[in-house]
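Chain by chain, the residues run as shown.
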Amino acid sequence: MCALPAPPPGKRKEIYKYEAPWTVYSMNWSIRPDKRFRLALGSFVEEYNNKVQIVSLDEETSDFVSRSTFDHPYPTTKIMWIPDSKGIFPDLLATSGDYLRVWRAGETDTRLECLLNNNKNSDFCAPLTSFDWNEVDPNLLGTSSIDTTCTIWGLETGQVLGRVNVVSGHVKTQLIAHDKEVYDIAFSRAGGGRDMFARADGSVRMFDLRHLEHSTIIYEDPQHHPLLRLGWNKQDPNYLATMAMDSMEVIILDVRVPCTPVARLNNHRACVNAIAWAPHSSCHICTAADDHQALIWDIQSMPRAIEDPILAYTAAGEINQIQWSSTQPDWIAICYNHCLEILRV
């Protein structure tokens with residue numbers, strides 16, 4: 001399906017805005033069906049003390065309301081809500097920074113459930129650049145680190161003790177890259193969606209948890225620049241998008257044709273910071289950059305060149321984060337400066 005659906009009739013605004021007390025860096029939409037317009041935001045303050053805030057849209061007043069704020073050591077490099085579209089797991093979110101932490105969201109407060117650390121015998125911790133939460137098996141998370149490792153974690157949402165599920169975690173497996181910092185990790189929906197994942201350093205490599213002794217190089221940057229972000233197409237697991245550090249273009253890859261990009265999206269006029277595939281369409285992707293622009297592209301003409309985006313939105317600042325809501329696919333969230341905006345597309 002390659003047509004973006006028309007918005008439903010009604011009086012709802014097209015843009016809602018929230019201003020945080022600090023620069024917003026990480027951000028993620030909640031997936032639970034009973035929490036429609038809920039997002040988590042992470043601060044970017046260049047010191048130890050940072051914050052995470054959970055906000056939700058009051059659909060009566062059309063204003064965002066802060067539901068809970070909690071302290072976080074260092075800025076969060078990524079925030080994700082548990083991929084639980086049926087609402088059957090505890091209401092968890094995870095953050096990466098110095099460690100991977102799993103939190104439980106309550107109505108008014110958020111509590112730390114567990115801190116996952118695989119370097120028990122050292123006071124030193126290498127910062128985590130990113131992580132991903134497996135959609136098919138929410139007990140699996142993968143982290144990437146500047147110490148050249150990727151770690152796959154097993155999470156147990158444990159036995160119910162009284163009324164509380166105890167959450168804990170352990171290392172399932174650790175992969176060491178050769179000499180490069182790993183900047184991102186992303187599980188693929190291919191082959192059942194549980195075991196395949198890709199990681200980005202100077203190259204994009206595919207792994208299978210069942211056969212970790214082998215990996216497949218999908219792409220290497222010709223200038224050997226680090227690849228900062230990975231995004232799998234949500235409908236067609238053959239495609240993924242990546243971008244190099246300080247690059248103005250996004251590269252679309254086809255795992256069936258390794259090492260040769262099938263498309264290059266290069267209308268941005270400053271470095272790209274974020275990519276988000278449409279949750280409901282295999283041929284739409286959104287990119288965002290320091291040029292203040294969020295661009296939506298239709299890539300169905302691949303491998304013919306894709307000249308121009310089909311939609312462009314100009315924000316009031318450099319966009320450093322973009323997330324396309326998986327449960328409400330006509331809404332995209334962007335972050336710039338102190339602001340979160342959600343846009344109807």
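Keep in mind the model is a prediction, meaning the values are calculated, not measured.

This paragraph deals with the overall build of the protein. If you tally the helices and strands in the protein, you get 0 helices and 30 strands. Against the compact-globule benchmark of 20 Å for 345 residues, the protein has a radius of gyration of 19 Å, which places it among compact chains. Taken over the C-alpha atoms alone, the protein extends approximately 60 × 55 × 40 Å along its principal axes. Within the protein, contacts between residues at least 6 apart in sequence are counted, and of these 49% link residues at least 24 apart. With an accessible surface of roughly 15,400 Å², the protein has 50% of that area assigned to carbon and sulfur atoms. Taking the average location of the 31 positive side-chain charges in the protein and that of its 43 negative ones, the two points are 6 Å from each other.

Taken together, the 4 strands give an open sheet; going across it, the order is β20-β21-β22-β23, and neighbouring strands pair in antiparallel fashion. Each having just a single partner strand, β20 (227-232) and β23 (263-265) make up the two edges of the open sheet. The sheet shows a mean angle of 25° between the axes of neighbouring strands, taken without regard to direction. Where strand β22 (residues 250-254) and β23 come together, 3 bridges link them in antiparallel fashion. Bridge pairing in β23 links I251 to R264.

With antiparallel pairing, 4 strands are arranged side by side in an open sheet as β6-β7-β8-β9. The open sheet terminates on both sides in strands that have one partner only, identified here as β6 (78-81) and β9 (110-116). Taking each pair of neighbouring strands and ignoring which way they run, the sheet shows an average axis angle of 25°. Where strand β7 (residues 92-96) and strand β8 (residues 100-105) come together, 5 bridges link them in antiparallel fashion. Considered in β8, the bridge of L93 is made with W103.

With that settled, consider the packing of aromatic side chains. Any pair of aromatic rings gets described here by the distance separating the centres and the angle formed by the planes. Taken as a whole and assessed by the stated rule, the structure comprises 9 aromatic pairs. Here Y25 and F44 contribute two aromatic rings whose centre-to-centre distance is 6.2 Å and whose plane-to-plane angle is 55°, an arrangement assigned as tilted. Here Y25 is found in strand β2 (residues 24-29), whereas its partner F44 is found in the loop between β3 (38-43) and β4 (49-58), with 19 residues between them in sequence. A relative accessible area of 25% means that Y25 is categorised as partly exposed. Overall, F44 belongs to the partly exposed group, its relative accessible area being 38%. Ring centres 6.1 Å apart and planes at 65° place the aromatic pair F187 and F197 in the edge-to-face group.

With 19 residues, the main nonpolar core has I252, L265, I285, I299 and M302 as its most contacted residues. At the level of elements, β21 (239-244), β22, β23, β24 (272-277), β25 (284-289) and β26 (293-298) are the ones that each hand at least two residues to this core. The next biggest cluster of nonpolar side chains, apart from the first, holds 18 residues, and it includes Y18, L39, L57 and L340.

What counts, and where the lines are drawn
Starting afresh in each chain, residues are numbered from 1 along the sequence in its written order. Owing to the predicted nature of the model, reporting of local features is limited to residues with pLDDT of at least 70; listing and counting of side-chain atom pairs is limited to 80 or more, with chain, interface and lining totals taken over all residues. Just so you know, side-chain values use all the structure's heavy atoms and leave hydrogens and water out. Under the DSSP-based scheme used, a helix requires at least four consecutive residues in state H or I and a strand at least two consecutive residues in state E, with every element numbered from the N terminus. Both definitions apply: the radius of gyration is a C-alpha atom measure, and the globule rule equals 2.2 Å times residues to the power 0.38. Note on contacts: a residue pair is in contact if any heavy atoms of the two residues lie within 4.5 Å. Note on areas: Shrake-Rupley with a 1.4 Å probe; residue coverage comes only from the protein chains shown. Charge assignment: positive for Lys and Arg, negative for Asp and Glu; neither His nor the chain ends contribute. In this description, the location of a charge corresponds to atom NZ of lysine, CZ of arginine, CG of aspartate or CD of glutamate. The pairing criterion is simple: DSSP has to find at least two bridges between the two strands. For every element, the axis is a line fit to its C-alpha atoms; helices are fit only across the contacting stretch, and the angle between N-to-C directions ranges from 0 to 180 degrees. Aromatic contacts are taken between Phe, Tyr and Trp rings whose centres are within 6.5 Å, Trp giving its six-membered ring; a plane angle under 30 degrees counts as stacked, one over 60 as edge-to-face, and the others as tilted. For every residue, the accessible area (1.4 Å probe, protein chains only) is compared with the maximum for its type, and the residue is labelled buried under 20%, exposed over 50%, or partly exposed between those bounds. Buried Ala, Val, Leu, Ile, Met, Phe, Trp, Tyr and Cys residues that are joined via side-chain atoms within 4.5 Å together make up what is termed a nonpolar core.

So, to be careful, I would describe these as geometric facts and stop short of saying anything about function.
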